[in-house]
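Fold and contact review
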Amino acid sequence: MGTSDWDALRKQARHLENDIDLKLIAFNKVGTGSSSLNSAGSTDTSPLLGDHVFESLSLEIEQMLDQLSNINERMAEIPGTGAAVMHVLQRHREILHGYRQEYLKIQANHTTRMEREELLRGSGLGGTTSPSTSGLSRRDMYLKENTHLHNSSSMVNDQISIAMETKEHLSSQRQHMKRFQTRMHDISHRFPLISSLIQRINIRKRRESLILGGVIGVCTILLLLYAFH
C-alpha cells in the first residue's frame, strides 16, 4: 500500500511540476511585457489588462506551489524503503524550491518594471499623470527616455570638451609661467655681476677724479709760488 501511494503521489508531483513550469514561462512573458497580448498591442494601450493577467497567473502559480508542497510533505510521511526514495524526495523538494525562487524573481522584476514605467509616465506624489506623457505607449515612453539619455550624453560630452580645452589652456599658461620664471632666475643670477661691474666703474671714476683734483691743486700751488716770486 505504501508503494502504491508513493507512486501515485510521485506521478501527481511530476504532473504538477510540468504544469508549474509552463505557467512560469507564461508568467515570465507577461511580467516582462512580451506576452501575446503585448505583441497584439493590447498591453501597450491597456496596461491594466496586462496587470490583471499577471495577477491571475500569480495567484494560480501560488496555489500550485502550495499544492506541490503538500504533495511533497505527504510523500515524506510515507515510510521509505531506502536511500533511493530519499534521493527522489530530495530532488522534488529542490525542484519546488527552484520554482519558488523563479516565481519570486519574476514578481520582483515585474514590480521593478512597473515602477520604472510609472516614473516614465511622469507620475507625481499625488498620483497625477503628466500631460506630456499621458496616453503614451510603452514604446513611446522608452523612445522618449532614450532621447533624454542621448541629450544628456551630448551635454556631458560638451562639458568634457570644454574641460579638455580649459586643461590645454591652463597647461599652455603653465608653460609660459615656467619660461618667465626661468628668465627671471637667469636675470637674478646675472644682476649681481652687473652691480659689481657698476661699482668698480664708480670706484675708478672716483679715483680718477681724486688724481685729477690733486694734479690741478699742485699745478695751482706752483703757479701761485711762481707768481709771487
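Note that the structure is a prediction, hence the values are computed from the model and not measured.

In this section: the overall build of the protein chain. Secondary structure summary: the protein chain contains 6 helices and 0 strands in total. Starting at the N terminus and walking to the C terminus, you meet the elements of the protein chain as α-α-α-α-α-α. By residue count, 20% of the 229 residues in the protein chain fall in the buried class. In the protein chain, 75% of the contacts between residues at least 6 apart in sequence involve partners at least 24 apart. With an accessible surface of roughly 17,300 Å², the protein chain has 59% of that area assigned to carbon and sulfur atoms.

This brings us to the packing of aromatic side chains. On inspection of all chains with the given rule, the structure shows 2 aromatic pairs. When the ring of Phe 27 is compared with that of Phe 54, the centres are 4.4 Å apart and the planes differ by 20°; the resulting orientation is stacked. Within this pair, whereas Phe 27 is found in helix α1 (residues 2-31), its partner Phe 54 is found in helix α4 (residues 47-77), the two being separated by 27 residues in sequence. Here Phe 27 falls in the buried class, since its relative accessible area comes to 0%. By relative accessible area, Phe 54 is classed as buried at 3%.

Before going further, it helps to spend a moment on the side chain of Asn 72. Counting through the fold element by element, Asn 72 comes out in helix α4. Contacts of Asn 72, omitting those with residues within four sequence positions, involve Leu 89, His 92, Arg 93 and Leu 96.

Within the fold, His 92 resides in helix α5 (residues 83-120). Residues within four places of His 92 in sequence aside, it is in contact with Arg 10, Ala 13, Arg 14, Glu 17, Asn 72 and Met 75.

To continue, consider a nonpolar patch on the surface. Together, Val 218, Ile 221, Leu 222 and Leu 225 make up a nonpolar patch on the protein surface, roughly 380 Å² of accessible area in all. Inspection of the secondary structure assignment puts Ile 221 in helix α6 (residues 138-228). Classification of Ile 221 by relative accessible area gives exposed; the value is 51%.

A word on the environment of Gln 173. Mapped onto the fold, Gln 173 is located in helix α6. Look at Gln 173 and you get partly exposed, because its relative accessible area is 38%. In this structure the side chain of Gln 173 is engaged in a polar contact, spanning 2.9 Å, whose partner is the side chain of His 169.

Take the confidence of the model for the protein chain next. Mean pLDDT over the protein chain stands at 77; residues scoring 70 or higher make up 75%. Note that residues 123-135 has pLDDT below 50 and, in this model, 12 contacts with residues that lie over four places away or in other chains.

Rules of the game
- Residues numbered from 1 in each chain as written.
- Predicted model: local features only at pLDDT ≥ 70, side-chain atom pairs only at ≥ 80, totals over all residues.
- Heavy atoms only, no water.
- Helix = DSSP H or I, 4+ residues; strand = E, 2+ residues; numbered from the N terminus.
- Buried < 20%, exposed > 50% of the residue type's maximum accessible area, 1.4 Å probe, protein only.
- Contact = heavy atoms within 4.5 Å.
- Areas by Shrake-Rupley, 256 points an atom, 1.4 Å probe, with all protein chains shown as cover.
- Phe/Tyr/Trp six-rings, centres within 6.5 Å; stacked < 30°, edge-to-face > 60°.
- Patch = residues over 30% accessible without salt bridge, like charges linked within 9 Å, V, L, I, M, F, W, Y side chains within 5 Å.
- Salt bridge = Lys/Arg side-chain N within 4 Å of Asp/Glu carboxyl O.
- Polar contact = N/O pair within 3.5 Å; in protein donor to acceptor, adjacent residues only side chain to side chain.
- pLDDT = per-residue confidence, 0-100.

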